[in-house]
Amino acid sequence: MLLAIPSSRGLQNFISLAARAFSTYPYRHPHQMPSAIIQPTTAHTATVIFAHGVGDEGDSWRAAISGDYDYRKPGELTIPAHLPHVKWIFPDAPEQAVTANFGARMSSWFDISNLPLQPGQYLNKVVEDDESVRDGVQIIDDLVQAEMKAGIPASRIVVGGFSQGGALALVTGLGGKHWRTKSSDESKLAGVVVLSGWMPLREKFKSRISPHAKSVPVFWGHGTADAVIYYKVGELSVELLQDQLGIVKHSAHDQLGAPGINFRSYERMGHASCKKEMEDLVTFLGSVIPQQTQNL
């Protein structure tokens, strides 16, 4: 069953390049963006920071994770109920000009020149703007630092995202200091989640990798019918990470949560999510940031 996540609606509007170009989105200064939050219901011992896709907003994914769009059986737990110790943060991207939308302003973590993103485009041209990618990384870094100052160690923080947000999460979680606009201690995070995303700036990624990259667990989900970020682009991204960077790719039958990338395919799923992917996400998070019975 597919989840009717508003992220898909926003991206479909993006692809249509409608003349209104999301003119109803208010302007937001890059460092004053609000975040939708799901608070933990038990002692707060872990945090997930999850970035939305182009043209969307954080509250869409807050609603999806909360189960607002899901049809659960009686007694079936929501994702936050499975992970009561986790605080979820869903930041809003800044509004900026997007080249793929003829320069119209919309919520976006970084500028991108092509959407949909097909395999040939991905391999033959650079579609992402380097400077704005680094600006996006800094936004997520600032949220990570805020959680660390509040007492949550980096080893209990996961960064993730959908579509463009997944690409941003990959850079944030596996990238080193050269992806940062400010100095950073490159703390190793608990894990990275990439849903329907890709590896951005592929020709520069290898030279900017974190020393921790090979030991970070990555959950990567992608629908085989994705017509926005093509499924093959996801596969190619993982192959590049494996072949060029030496990051381990696990089989689909391996346990979720081990260091390296566990790439999961979801048959007939488009640029959206589904119940099985969300179940796999819960399993992954339960492995990398399990509930603790003692103080940190």
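In this text, all values refer to a predicted model and were calculated from it rather than measured experimentally.

The rules we used
- Residues numbered from 1 in each chain as written.
- Predicted model: local features only at pLDDT ≥ 70, side-chain atom pairs only at ≥ 80, totals over all residues.
- Heavy atoms only, no water.
- Helix = DSSP H or I, 4+ residues; strand = E, 2+ residues; numbered from the N terminus.
- Buried < 20%, exposed > 50% of the residue type's maximum accessible area, 1.4 Å probe, protein only.
- Contact = heavy atoms within 4.5 Å.
- Areas by Shrake-Rupley, 256 points an atom, 1.4 Å probe, with all protein chains shown as cover.
- Salt bridge = Lys/Arg side-chain N within 4 Å of Asp/Glu carboxyl O.
- Pairing = 2+ DSSP bridges.
- Axes fitted to C-alpha atoms, helices over the stretch in contact; angles between N-to-C directions.
- 1 Å grid on protein atoms, 1.4 Å probe; cavity = no way out; pocket = protein on both sides within 12 Å on 5 of 7 lines; lining within 4 Å.
- Points joined across faces, edges and corners; volume = space filled by probe spheres on them.
- Nonpolar A, V, L, I, M, F, W, Y, C, P; charged D, E, K, R; others polar.
- Polar contact = N/O pair within 3.5 Å; in protein donor to acceptor, adjacent residues only side chain to side chain.
- Phe/Tyr/Trp six-rings, centres within 6.5 Å; stacked < 30°, edge-to-face > 60°.

Q: Hey, could you run me through the overall build of the protein in this one?
A: Within the protein, the regular secondary structure consists of nine helices and 12 strands. By the burial criterion, 58% of the 296 residues in the protein qualify as buried. For the protein, contacts bridging at least 24 residues in sequence account for 78% of all contacts bridging at least 6. Accessible surface computed for the protein: about 12400 Å², of which carbon and sulfur atoms make up 50%.

Q: I tried to follow the pattern of salt bridges on my own but got confused; where do I start?
A: Any two side chains of opposite charge can pair, given that their charged atoms come close. The full count for this structure, using the stated rule, is 12 salt bridges. With a closest N to O distance of 3.8 Å, Glu235 and Lys232 form a salt bridge. Placement of the pair is Glu235 and Lys232 together in helix α8 (residues 231–245), with a separation of three residues, close to one helical turn. Linked through salt bridges whose partners overlap, the residues forming this network are Asp130, Arg134, Lys204 and Arg208.

Q: Help me understand helix α6 (residues 164–174), please; the structure alone is not making it clear to me.
A: Burial analysis of α6 places 11 of its 11 residues in the buried class, the great majority of the element. Among the residues making up α6, those that are buried are Gln164, Gly165, Gly166, Ala167, Leu168, Ala169, Leu170, Val171, Thr172, Gly173 and Leu174.

Q: What is the right way to look at the sheet that holds strand β7 (residues 157–162) in this model?
A: Pairing between sheet strands relies on hydrogen bonds along the backbone, with the strands arranged either parallel or antiparallel. Taken in spatial order, the eight strands make up an open sheet running β2-β4-β3-β7-β8-β9-β11-β10, and their pairing is mixed. Among the strands making up the open sheet, the edge pair consists of β2 (35–38) and β10 (249–250). Pairing of β2 with strand β4 (residues 86–91), which is carried by four bridges, proceeds in the antiparallel orientation. Residue pairing across strands places Ser35 opposite Pro91, the latter belonging to β4. On the sheet, helix α2 (residues 58–66) packs against β2, β3 (46–51), β4, β7 and β8 (191–195) and is oriented at approximately 15° with respect to β2. On the sheet, α6 packs against β3, β7, β8 and β9 (217–223) and is oriented at approximately 150° with respect to β7.

Q: Honestly, empty space enclosed by the protein in this entry has me stumped. Any pointers?
A: Where empty space is left in the structure can be found by rolling a water-sized probe over the atoms. Tallied over the full model, the rule gives two cavities of 30 Å³ or more. Around the second largest cavity, the lining residues are Ile49, Phe50, Ala51, Ile140, Val159, Gly160, Gly165, Leu168, Ala169 and Thr172. Elements with a minimum of two residues in the lining of the second largest cavity: β3, β7 and α6. Top contributing element to the lining of the second largest cavity by residue count: α6, with four residues. In the lining of the second largest cavity, the residues fall into seven nonpolar, three polar and no charged.

Q: Sorry, what's going on with the side chain of Ser60 here?
A: Within the secondary structure, Ser60 sits in helix α2. Look at Ser60 and you get buried, because its relative accessible area is 5%. Side-chain polar atoms of Ser60 contact the side chain of Asp56, separated by 2.8 Å.

Q: How should the pairing of β8 be read in this particular structure?
A: For β8, a buried count of five out of five residues is recorded, marking the element as mostly surrounded by other parts of the structure. Side chains Gly191, Val193 and Leu195 of β8 all project onto a buried face; the interleaved residues Val192 and Val194 project onto the opposite face, where all are buried too. Direction of pairing for β7 relative to β8: parallel, over a ladder of five bridges. Residue Val159 lies in a different strand from β8, and its bridge partner there is Val192. Where β8 meets β9, four bridges bridge the pair, whose relative direction is parallel.

Q: Would you explain the packing of aromatic side chains in this entry?
A: Working definition: an aromatic ring pair is given by the centre-to-centre distance plus the angle between the planes. Scanning the model with the defined rule gives eight aromatic pairs in all. Aromatic pair Phe50 and Trp61: ring centres 4.8 Å apart, planes at 45°, arrangement tilted. Of this pair, Phe50 sits in strand β3 while Trp61 sits in helix α2, and the two are 11 residues apart along the sequence. Side by side, Phe50 and Trp61 carry an identical accessibility label, which is buried. Between Trp220 and Phe263 the ring centres are 6.4 Å apart and the planes differ by 50°, which places this aromatic pair in the tilted class.

Q: Would you mind going over unusual backbone geometry with me for this structure?
A: In terms of backbone geometry, most residues other than glycine have negative phi values and most peptide bonds are trans. The step from Leu115 to Pro116 runs through a cis peptide bond, and the omega angle for that step is 0°. For Pro116, the position within the fold is in the loop between β6 (105–107) and α4 (119–124). Positioned with a positive phi, Ser196 is a non-glycine residue whose angle comes to about 55°. By the element assignment, Ser196 lies in the loop between β8 and α7 (202–205).

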